[in-house]
Amino acid sequence: MWRKFAGALLRNKLAFTLSILAITTFMGYEAAKMELSYEYVKILPSDDPTFVEYQNFKNKFGEDGNVMVIGFADKDFFTLNKFNDWYHLSKAIKIIDGIKDVISIPTSYKLVKNDSLSKFDFVPLITKVPRTQSDIDTLKAEVDNLPFYEGIIYDKESQATLMAITFNSKSLNSKRRLEIVKEIKTLTEAFATKHDVDMHYSGMPYIRSQMMEKISHEMTLFLVLAIVISGLILWLFFRNGVIVFFSLIIVIIGVICSVGILQLYGYKITALTGLLAPLMMVIGIPNCVFLVNKYQSEYLSHKNKVKAITRSVETIGVSLLLANVTT
């Protein structure tokens, strides 16, 4: 079978080459549409009773996986300029496209008894920007008398305060999340620089954004390193630039096709699938080494290129196929 396969390849070199180019072009077009995955990895299928119950719970009570938290500790927080800048920062972040809500001391609420309707009303803690330090002192006294926020958005002992930023679900699970986090960091770092404070970041949107940026960067880095190291190994084996060049081209075609197939089946780049491209490089190079080495040994024995190619495919082809399938 392998001899017939090798003969068919040799008799139809042009058609085979054009077919490979066409497939590679199509797969390259598909691979160019590959996107990073910005969603949680689902462990359970969508129709699993536990997963359905979890979704119903989130719809009813919400979730904390869409909240980014920023904060700092400063004993001089309740000073006019610093507090007002924190107030304006809260407002600036809230109007960013993709942000659902912002909770901080300047945007918090208090309960006020409504005797006429026999109920409690939620009233903003701050209705206008403080104008004097006296206004800030009055506000601080009012915050100290609101135990609900103690240890949540404000800590009396450490004088630490935080801002909880809620993302809407559409932006949270899309590429837009990375842009939002960058916009928030730009605004907060300007505040931190102006007032010489050490800003801290946390929350799942921030952590996931940092993780996806690392995956994107490391996937590119690993692929480049795999190409360089594979080319170096081929050069050490054969000391022939033509062999190195065409071996790398063939392996890169394999990488393009594998990424294209992922895209065709609707997969996205995750921490796991991001390893496939460099893995294909590592797997493909030994194939090239075995085939070229067998071809050279056959050619040196009888100086017939066609016969050398046929015997290389016939003897090495089945071994490489089984090795790659098991891998």
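I will try to describe carefully the structure that is included in this document. Everything numeric in this text was worked out from a predicted model, so none of it was measured.

The rules behind the values
- Residues numbered from 1 in each chain as written.
- Predicted model: local features only at pLDDT ≥ 70, side-chain atom pairs only at ≥ 80, totals over all residues.
- Heavy atoms only, no water.
- Helix = DSSP H or I, 4+ residues; strand = E, 2+ residues; numbered from the N terminus.
- Expected span 1.5 Å × (residues − 1).
- Buried < 20%, exposed > 50% of the residue type's maximum accessible area, 1.4 Å probe, protein only.
- Arc of directions from axis to C-beta.
- Contact = heavy atoms within 4.5 Å.
- Phe/Tyr/Trp six-rings, centres within 6.5 Å; stacked < 30°, edge-to-face > 60°.

**Here's the deal with helix α5 (residues 133-144)**
Now for step 1: If you check α5, its first and last C-alpha atoms are 16 Å apart, about what twelve residues at 1.5 Å a residue would give, namely 16 Å.
Now for step 2: When we look at burial in α5, the residues that qualify are Ile136, Leu139 and Val143. On an axial view of α5, the arc spanned by its buried residues comes to 65 degrees, and they lie on one face.
Now for step 3: Buried residues along α5 sit against α4 (80-94) and β5 (154-155).

**Here's the deal with the packing of aromatic side chains**
Now for step 1: With the rule as written, the count across this model stands at 15 aromatic pairs.
Now for step 2: Ring geometry for Phe77 against Phe78: centres 4.9 Å apart, planes inclined by 75 degrees, an arrangement best described as edge-to-face. Each member of the pair, Phe77 as well as Phe78, is classed as buried.
Now for step 3: Judged by centre distance (5.5 Å) and plane angle (90 degrees), the ring pair of Phe78 and Tyr154 falls under edge-to-face. Here Tyr154 lies in strand β5 and Phe78 lies in the loop between β1 (67-73) and α4, a separation of 76 residues in the sequence.
Now for step 4: Members of the aromatic cluster, joined through ring pairs, are Phe72, Phe77, Phe78, Phe83, Trp86, Tyr154 and Phe191.

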